[in-house]
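One-letter residues, chain by chain:
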Amino acid sequence: MTSDYTPQPEVVYPPPPAGNKQGVAIAALVLGILNLLSWCLPICGFPMSIAGIITGVIGLKSSSRGLAIAGIVLSAIGLILSAVNAIVGVFLFTQGGFDWQNFDFQNFMP
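Reading guide: rules and limits
Residues numbered from 1 in each chain as written. Predicted model: local features only at pLDDT ≥ 70, side-chain atom pairs only at ≥ 80, totals over all residues. Heavy atoms only, no water. Axes fitted to C-alpha atoms, helices over the stretch in contact; angles between N-to-C directions. Helix = DSSP H or I, 4+ residues; strand = E, 2+ residues; numbered from the N terminus. Parallel < 35°, antiparallel > 145°, perpendicular 65-115°, else oblique. Left-handed = near helix turned anticlockwise from the far one by under 90°. Contact = heavy atoms within 4.5 Å. Nonpolar A, V, L, I, M, F, W, Y, C, P; charged D, E, K, R; others polar. Buried < 20%, exposed > 50% of the residue type's maximum accessible area, 1.4 Å probe, protein only. Expected span 1.5 Å × (residues − 1). Polar contact = N/O pair within 3.5 Å; in protein donor to acceptor, adjacent residues only side chain to side chain. Arc of directions from axis to C-beta.

Asker: Is there a simple way to think about the packing of helix 1 (residues 22-38) against helix 2 (residues 42-59) in this case?
Answerer: Packed helix pairs are specified by the crossing angle of their axes together with the interaxial distance, meaning the distance between the axes. Contact geometry for helix 1 and helix 2: axes closest at 8 Å, N-to-C directions at 155 degrees. Considered as vectors, helix 1 and helix 2 are oriented roughly antiparallel to each other. Where helix 1 crosses over helix 2, the handedness of that crossing is left-handed. Each of Val24, Ala25, Ala27, Ala28, Leu31, Leu34, Asn35 and Ser38 in helix 1 lies in contact with helix 2, whose residues at this interface are Cys44, Gly45, Met48, Ser49, Ala51, Gly52, Thr55, Gly56, Ile58 and Gly59. Partitioning the contact of helix 1 with helix 2 into residue classes produces ten nonpolar, eight polar and no charged.

Asker: Before we go on, may I ask you to explain the environment of Ile69 in this structure?
Answerer: Examined against the element boundaries, Ile69 turns out to sit in helix 3 (residues 65-94). Ile69 gets classed as partly exposed once you look at its relative accessible area, which sits at 39%.

Asker: What am I meant to see in helix 1 here?
Answerer: An α-helical segment advances 3.6 residues per turn. Residues three or four places apart therefore align on the same side. The first and last C-alpha atoms of helix 1 sit 24 Å apart over 17 residues, in line with the 24 Å expected at 1.5 Å per residue. In the core, the buried residues of helix 1 are packed alongside helix 2 and helix 3.

Asker: What is the right way to look at the side chain of Thr55 in this model?
Answerer: Assignment of secondary structure puts Thr55 in helix 2. One polar contact links the side chain of Thr55 to the main-chain carbonyl oxygen of Ala51, over a distance of 2.9 Å. Residues within four places of Thr55 in sequence aside, it is in contact with Val24, Ala27, Ala28 and Leu31.

Asker: What is the right way to read helix 2 from this model?
Answerer: In this model helix 2 runs 25 Å from its N-terminal to its C-terminal C-alpha over 18 residues, within 8% of the 26 Å that 1.5 Å per residue would give. Those residues of helix 2 lying buried are Gly45, Ser49, Gly52, Thr55, Gly56 and Gly59. Looking straight down helix 2, one finds that the buried residues subtend no more than 140 degrees of arc, so they occupy a single side. The inward-facing, buried residues of helix 2 abut helix 1 and helix 3.

By themselves, these are just geometric observations and shouldn't be taken as functional.
So, in structure tokens, the structure goes:
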């Protein structure tokens, strides 16, 4: 008895795309959103905005390019707001706006 069995050709799957940084793009977006919430504290706003911009630039090479761009934009807005907040704080400090010896909380109470 002869067998006419011919083996099937081997299926070769393409390798996953190298350098897909979708997680980095998502991280840029999350950092941008958190940055908009923390811009009022320059000690948190500046480092978070710089990290958001860097991860956004790295994430531009991913398939989630839109998320990376949104993260960069939100981080840039947070950086500007943090800078303005720091400048206003320094100005108020130098002009005596933070005079804690004569500060009266009763002026702010109803």
